[in-house]
Amino acid sequence: MSDRREWPLYEVFVRGKRGLNHVHVGSLHAPDDDMAIRHARDVYTRRNEGVSIWVVRSADITASSPDEKDPLFAPSGDKVYRHPTFYDIPDNVPHM
Amino acid sequence: MSHSTPDPNAAAGNVYDGLLEHHDVAGDDSQWAFGTDFEDPLAGVDTTVPDDVDAHELATYCLMLGDDALVLSQRISEWCSNAPDLEEDIALANIALDLLGQARLLLARAAAADPSVVPTLPEGSPVPAEDALAFFRDAGQFRNLRITEVPNGDFAHVVVRTLLFATVRLSLFTRLAESRDPVLAAIAAKGVKELTYHRDYAGRWFLTLAQGTDESRRRLTAALAELWPLFGEPLSTHPVEAGVAAAGVGVDPAAVADEVDVVLEQVFAVSGVDRPGAAPLAGVQGRTGRDGLHTEALSRMLAEMQVVARAHPMGKW
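Residues numbered from 1 in each chain as written. Chains lettered and ligands numbered in written order. Predicted model: local features only at pLDDT ≥ 70, side-chain atom pairs only at ≥ 80, totals over all residues.

Asker: In this structure, what is going on with the sheet that holds strand β2 (residues 23–29) of chain A? I would like to understand it.
Answerer: Whenever strands of a sheet pair, they do so through backbone hydrogen bonds, lying parallel or antiparallel. Residues and elements named next belong to chain A. Strands sit in the order β2-β1-β3 across an open sheet of three strands; the sheet is antiparallel. In this open sheet, the two strands that pair with only one neighbour each are β2 and β3 (50–57). Neighbour-to-neighbour, the strand axes of the sheet open up by a mean angle of 30 degrees, direction not taken into account. Here six bridges tie strand β1 (residues 9–16) to β2, and the two strands are oriented antiparallel to one another. Paired with Val-14 across the strands is Val-23, a residue of β2. (Pairing = 2+ DSSP bridges. Helix = DSSP H or I, 4+ residues; strand = E, 2+ residues; numbered from the N terminus. Axes fitted to C-alpha atoms, helices over the stretch in contact; angles between N-to-C directions.)

Structure (structure tokens):
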């Protein structure tokens, strides 16, 4: 019992029935990739939430740093012309 | 587990908005990101017993399959909060709940086929027939296999028991989905998907424990040796099973023995585990779990499972 190494952490992404894309729903521990899928199924889709699951080891994700928030994201804050709000979008164009 | 917390003040909203707002289908329940559509497995199914089928025999057969699921569900439920990891805790609880769902449908079918199998409760009791069967019968009236009732051991024990049980039941239910009883066929069709997952889950853990550490392998082979003598019963034919199989409403377990053997042989081979040689545990004067003959562990388990329901026969739950 001395060896209590933790299983690696995985991030879980689920595509809901009505969703177009996979959405991050949380994280879990699993011994390997295949078991991570099964754990994700058991932990995150038990209320009929999903039709597809992605898992990825948390260690394999490269994230932006909060320190970089301003240089990365502030410059787009005043570029109103980048939003397609100056056009009339026909009603039959979905997912805009 | 950690959940990302969306910032409600974020001007651009959060990733869930896409699910909540933009994918509406007119006039449905799309405010719920994941839908609310739950399926009734018996929707549209004709519930009358086919004319030429012996109703009491059908009811007894449903009790056998239902009691297997009920008793093993209770045993696996005992793992709640005791599994090695939170993730396994939830996985086992899901399996227990799947089996409980199967038990409920099967016990309800037994009661509908032959109401005389249902214990008598006080006049005006609101307890439904399937609950009366689950909570107001004694051990001697249960028809489950003994492999479902023996007490839990370690995690390897629940892995081996789930693998053996799910492998047989999946083969049975795959055939039972063609039953001449439309209700049994619908219950089996639903169960096949659940049992496929149970077998897959347990099979993966069987391999993992076999190929893990010396200690995990020792525990796995010990659990297999302990449960193997109880594995003759699930593959032998009880007269009731022979009767319903001949009538085209049930499945003779002996008919799936070869298929079960092939599956288990694959799991053993890939795991590098020898097939146990122990002889099957005999019945007592030919009687086994299917006849209501059980180990004493079942009475103790039922006492705990039934005590609250029995204290309140007029209770509404």
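Still to come is the rest of the account.
Asker: Would you mind going over the environment of Pro-151 of chain B with me for this structure?
Answerer: Residues and elements named next belong to chain B. Relative to the helices and strands, Pro-151 resides in the loop between α4 (129–135) and α5 (155–176). By the C-beta count within 10 Å, which is 12 here, Pro-151 ends up exposed. Taking the C-alpha atoms as reference points, Pro-151 and Asp-98, 53 residues apart in sequence, are found 20 Å from one another. (Buried ≥ 20, exposed ≤ 12 C-beta atoms within 10 Å, placed from the backbone.)

Asker: Would you mind showing me how to read the packing of helix α1 (residues 33–44) of chain A against helix α3 (residues 86–113) of chain B here?
Answerer: Following both chains from N to C, one finds α1 of chain A and α3 of chain B inclined at 65 degrees, their axes separated by 9 Å at the closest point. If you check the angle between α1 of chain A and α3 of chain B, you find them roughly perpendicular. Crossing of α1 of chain A against α3 of chain B: the hand is left-handed. For the pair formed by α1 of chain A and α3 of chain B, the contact residues are His-39, Asp-42 and Val-43 of chain A on the first element and Glu-87, Ile-90, Ala-91 and Asn-94 of chain B on the second. For the contact of α1 of chain A with α3 of chain B, a count of residues per class yields three nonpolar, two polar and two charged. (Parallel < 35°, antiparallel > 145°, perpendicular 65-115°, else oblique. Left-handed = near helix turned anticlockwise from the far one by under 90°. Contact = placed C-beta atoms within 7 Å. Nonpolar A, V, L, I, M, F, W, Y, C, P; charged D, E, K, R; others polar.)

Asker: How should I be thinking about the environment of Leu-105 of chain B in this particular structure?
Answerer: All names here are of chain B. Assignment of secondary structure puts Leu-105 in helix α3. Since 24 C-beta atoms lie within 10 Å of it, Leu-105 is described here as buried. Sequence separation of Leu-105 and Trp-228 is 123 residues, and the distance between their C-alpha atoms is 29 Å. The residues touching Leu-105, leaving out its near neighbours within four places in the chain, are Pro-41 and Ile-187.

Asker: Help me understand the pairing of β1 of chain A in this model?
Answerer: For a regular strand, side-chain orientation follows a simple rule: the groups alternate between the two sheet faces. Sheet topology note: the β1 of chain A/β3 of chain A ladder contains seven bridges and is antiparallel. Within the sheet, the bridge partner assigned to Arg-15 of chain A lies in β3 of chain A and is Ser-52 of chain A.

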